[in-house]
Each structure stands twice: as structure tokens, then as C-alpha cells.
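Secondary and tertiary structure notes
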Amino acid sequence: MIPPNIMDIEASGFGPESYPIEIGLVQSNGQRFSRLIKPIPAWQFWCIDAENVHGIKREMLDQQGHSIKDVAKELNELLEGKKIYSDCWVVDKPWLDRIFIASRIKPLFSLSPLEAILPDEQMAHWQHSKEIVTKELNVRRHRASTDALIIQQTYLKSLAMMNRPLEQFGG
């Protein structure tokens, strides 16, 4: 089974004025990509609650972040013609759009909701599968590329569990 390409985005906050600060990707071939994003001057909103979740400080972005134009170009080079999936499409898509709109670059790939490729039977195993994957990977940080890897591996694990009865897993 070839896993889907998965993208995850961390942001400056949770509301409509938030903006993308890190983008992570795991492609179907296992190649990983991660970039911190240096905010443009118009992007000022910062939520300490969001920082507490992802652990990325604004100063870190100013020092280590890549320009939105460079990030958009790199994403297009890596993903041209591909379909990418997000488990939080409703927020990740607008954040991805902000990168491309602000950089004045047209995306050459599409981002779709992960639910579009998850049958109900697979969704029934999702949470239990995610718990197993998170434990197996033993990841300690909530960051975009790590989250993308967990999502991709959860997709594979839940797919493998589809033919097993939920009662076997306490579900």
C-alpha cells in the first residue's frame, strides 16, 4: 500500500488572524520536508496558547524562518502535480493559501481533506490506530513534520485494522 502525501501546518494562533509559521510534509515515498516560516510584516498576531502547543517562539521564526516566497517555490518543486492531504484541511488550506497569496506564486499541487480518502470503516479505527502509532514512534514534540508522519502512519495502521472487529480493540 502506498501511503498518501500528508501535510501539516503550525500557526501563530487559532483564529482568523493567525498565519502559518511551520509547514511539514511526508510524501508517499517517505521523503520529509519541514520549514519554519518567517512572518511577513503584515503578519503580527501571536497567541501564547498556540506557542505553548507547538513550542515555536516568534524570535525563532525571525532568526531561522524561511521567506514565504522560498517556501512556496520549494513546495511547488517538491509537489508539482501531486495531491496532498491534511487531517485539518479546514484550517490548513487557508494557511497554505496565505503563503501562496502573499508570495504571489500559484500552487502547482492541490491540498484535500484526508476524510476524502477515508472510508467509514477506516475512520472507526482511526483513534486507536493513532494511539498505537504515537506510542510506537515515541515522539515528544508537536511540530508539523512530526504530526504529518503520525497522520500518514495512522492512515496505514487504520487501513490494516479495517478488517479486524472493533471489539478486539475495545471500540
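Keep in mind that what you see is a predicted model, and the values were worked out from it rather than measured. (Residues numbered from 1 in each chain as written. Predicted model: local features only at pLDDT ≥ 70, side-chain atom pairs only at ≥ 80, totals over all residues. Heavy atoms only, no water.)

1. Considerations on the overall build of the protein chain
Along the backbone of the protein chain there are 7 helices and 5 strands. Across the protein chain, helices and strands are ordered from the amino to the carboxyl terminus as β-β-β-α-α-α-β-α-β-α-α-α. A compact globule built from 171 residues should have a C-alpha radius of gyration of about 16 Å, and the protein chain, at 17 Å, falls within 12% of that. In terms of its C-alpha atoms, the protein chain occupies a principal-axis envelope of roughly 55 × 35 × 25 Å. Counted over contacts in the protein chain with a minimum sequence separation of 6, partners at least 24 positions apart contribute 72%. With the model as given, the accessible surface of the protein chain reaches about 9000 Å², and the carbon-plus-sulfur share is 53%. Of the side-chain charges in the protein chain, 20 are positive and 22 negative, and the distance between the mean point of each set is 5 Å. (Helix = DSSP H or I, 4+ residues; strand = E, 2+ residues; numbered from the N terminus. Rg over C-alpha atoms; globule rule 2.2 N^0.38 Å. Contact = heavy atoms within 4.5 Å. Areas by Shrake-Rupley, 256 points an atom, 1.4 Å probe, with all protein chains shown as cover. Lys, Arg positive; Asp, Glu negative; His and termini not counted. Charge placed at Lys NZ, Arg CZ, Asp CG, Glu CD.)

2. What to know about the nonpolar core
Grouped together as the largest cluster of nonpolar side chains are 26 residues, with contacts concentrated most on Met-7, Ile-23, Leu-75, Leu-96, Phe-100 and Phe-109. Elements supplying a minimum of two residues to this core: strand 1 (5-11), strand 2 (20-26), strand 3 (32-36), helix 3 (68-79) and helix 4 (89-103). If we skip the residues at most four places from it in the chain, Leu-96 touches Met-7, Ile-9, Ile-23, Leu-75, Phe-109 and Leu-111. Val-26, Leu-114, Ala-148 and Leu-149 belong to the second largest nonpolar core, which has 10 residues in total. (Core = buried A, V, L, I, M, F, W, Y, C linked by side-chain atoms within 4.5 Å. Buried < 20%, exposed > 50% of the residue type's maximum accessible area, 1.4 Å probe, protein only.)

3. Details of the pairing of strand 2
A large share of strand 2 lies buried, amounting to 7 of its 7 residues. Summarising the sheet, strand 1 and strand 2 pair through 6 bridges and their orientation is antiparallel. The residue bridging Ile-9 from the neighbouring strand is Ile-23, located in strand 2. Looking at chain direction, strand 2 and strand 3 are connected through 5 bridges and run antiparallel. Among the inter-strand pairings, Gly-24 is bridged to a residue of strand 3, identified as Ser-34. Count of turn residues in the strand 2/strand 3 antiparallel hairpin: 5 residues, of which Gly-30 carries a positive phi of about 90°. (Pairing = 2+ DSSP bridges.)

4. Focus: helix 4
Over its 15 residues, helix 4 extends 21 Å from the first C-alpha to the last, a length consistent with the 21 Å expected when each residue adds 1.5 Å. The set of residues buried in helix 4 consists of Asp-92, Trp-95, Leu-96, Ile-99, Phe-100 and Ser-103. Taken around the axis of helix 4, the buried residues stretch over an arc of 135°, which confines them to a single face. Summarising the geometry of helix 4, the exposed residues directed more than 90 degrees from the buried face are Val-90 and Ile-101. At its buried positions, helix 4 is contacted by strand 1, strand 2, helix 3, strand 4 (83-86) and strand 5 (110-113). Trailing helix 4 by a residue or two, Arg-104 shows a phi angle of about 60°, which is positive. (Expected span 1.5 Å × (residues − 1). Arc of directions from axis to C-beta.)

5. Brief notes about the packing of aromatic side chains
For the coordinates displayed, the defined rule picks out 2 aromatic pairs. For the pair Tyr-19 and Trp-43, a centre-to-centre distance of 5.2 Å together with 20° between the ring planes defines the contact as stacked. Separated by 24 residues along the polypeptide, Tyr-19 in the loop between strand 1 and strand 2 and Trp-43 in the loop between strand 3 and helix 1 (48-54) bring together distant segments of the chain. By the burial criterion, Tyr-19 is buried, and Trp-43 matches it. Ring geometry for Phe-100 versus Phe-109: centroids 5.7 Å apart, planes at 70°, classification edge-to-face. On the basis of relative accessibility, which here comes to 4%, the residue Phe-100 falls in the buried class. A relative accessible area of 9% means that Phe-109 is categorised as buried. (Phe/Tyr/Trp six-rings, centres within 6.5 Å; stacked < 30°, edge-to-face > 60°.)

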